[in-house]
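What follows is each chain in one-letter form.
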Amino acid sequence: MENVILNKDATFLKKSIKGEALSPGLAQGVVKVVTDINSVDLDNIEENTILVAEATDPGWTPLFTKVNGIVVAKGGVLSHCAIVAREMELPAVSGINNCHLNFKDGDKIWVDGNNGRVNLQ
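Residues numbered from 1 in each chain as written. Predicted model: local features only at pLDDT ≥ 70, side-chain atom pairs only at ≥ 80, totals over all residues. Heavy atoms only, no water.

A. Expanded view of the pairing of strand β4 (residues 49-53). The buried fraction of β4 is high, at five of five residues. The two faces of β4 match: Thr49, Leu51 and Ala53 on one face and Ile50 and Val52 on the other face are all buried. As judged from the four bridges shared by strand β3 (residues 26-33) and β4, these two strands associate in the parallel manner. Its bridge partner being in β4, Val31 is matched across the sheet by Ile50. (Buried < 20%, exposed > 50% of the residue type's maximum accessible area, 1.4 Å probe, protein only. Helix = DSSP H or I, 4+ residues; strand = E, 2+ residues; numbered from the N terminus. Pairing = 2+ DSSP bridges.)

Here it is in structure tokens:
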């Protein structure tokens, strides 16, 4: 698994980041970084949103119904994120170190849950 590498202007140097595939499928969308599920207004999540977080737990499940894909820093194939993403047929990738710190709201990305990759546009 690769670390996200930023240059001095906090822009990505790598355009494709390898992680661990959690749930198959492809999704393109706009990043929404969530660090606290209690701060999310579920009514204002846009249709093409990709959730980016350090990890998820059962309290995050309502947010899964609003997003196109998921990227997390922590969690394996038996994690909450992986199990719920597969059940909801949402592409998901884990092992993207510090994704919740390096991605910004509005970044445009592809989530490749088949190959465990996140591609930046």
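B. Representation of the pattern of salt bridges within the structure. In total, this model carries two salt bridges according to the counting rule given. Lys32 serves as the salt-bridge partner of Asp105, at 3.8 Å between the closest nitrogen and oxygen. Within this pair, whereas Asp105 is found in the loop between α3 (99-102) and β7 (108-112), its partner Lys32 is found in strand β3, the two being separated by 73 residues in sequence. Looking at Asp105, the relative accessible area reads 48%, which means it is partly exposed. Using a relative accessible area of 30% as the deciding quantity, one classes Lys32 as partly exposed. The salt bridge partner of Lys74 is Glu54, with a shortest N-O separation of 2.9 Å. Taken together, the positions of Lys74 in the loop between β5 (69-72) and α2 (80-87) and Glu54 in the loop between β4 and α1 (61-64) put the pair 20 residues apart, joining distant regions of the chain. (Salt bridge = Lys/Arg side-chain N within 4 Å of Asp/Glu carboxyl O.)

C. Spotlight on the state of the cysteines. Applying the stated rule across the entire model yields zero disulfides. Cys99 provides the cysteine sulfur closest to Cys81, a residue in no disulfide bond, and the two sulfurs are 9.7 Å apart. Its relative accessible area of 0% is what places Cys99 among the buried residues. (Disulfide = S-S within 2.5 Å.)

D. The arrangement of the nonpolar core in detail. Judged by nonpolar contacts, the single largest core of 18 residues is most densely connected at Leu51, Trp60, Leu63, Phe64, Val67, Ile70 and Cys81. For this core, the elements supplying multiple residues, two or more each, are β4, α1, β5 and α2. The element that contributes the greatest number of residues to this core is α2, accounting for four residues. In this view, Cys81 contacts Leu22, Thr56, Phe64, Ile70, Val72 and Ala92; residues no more than four positions away in its chain are not counted. By size, the runner-up hydrophobic cluster in this structure holds 16 residues, among which are Val31, Val33, Val71 and Phe103. (Core = buried A, V, L, I, M, F, W, Y, C linked by side-chain atoms within 4.5 Å. Contact = heavy atoms within 4.5 Å.)

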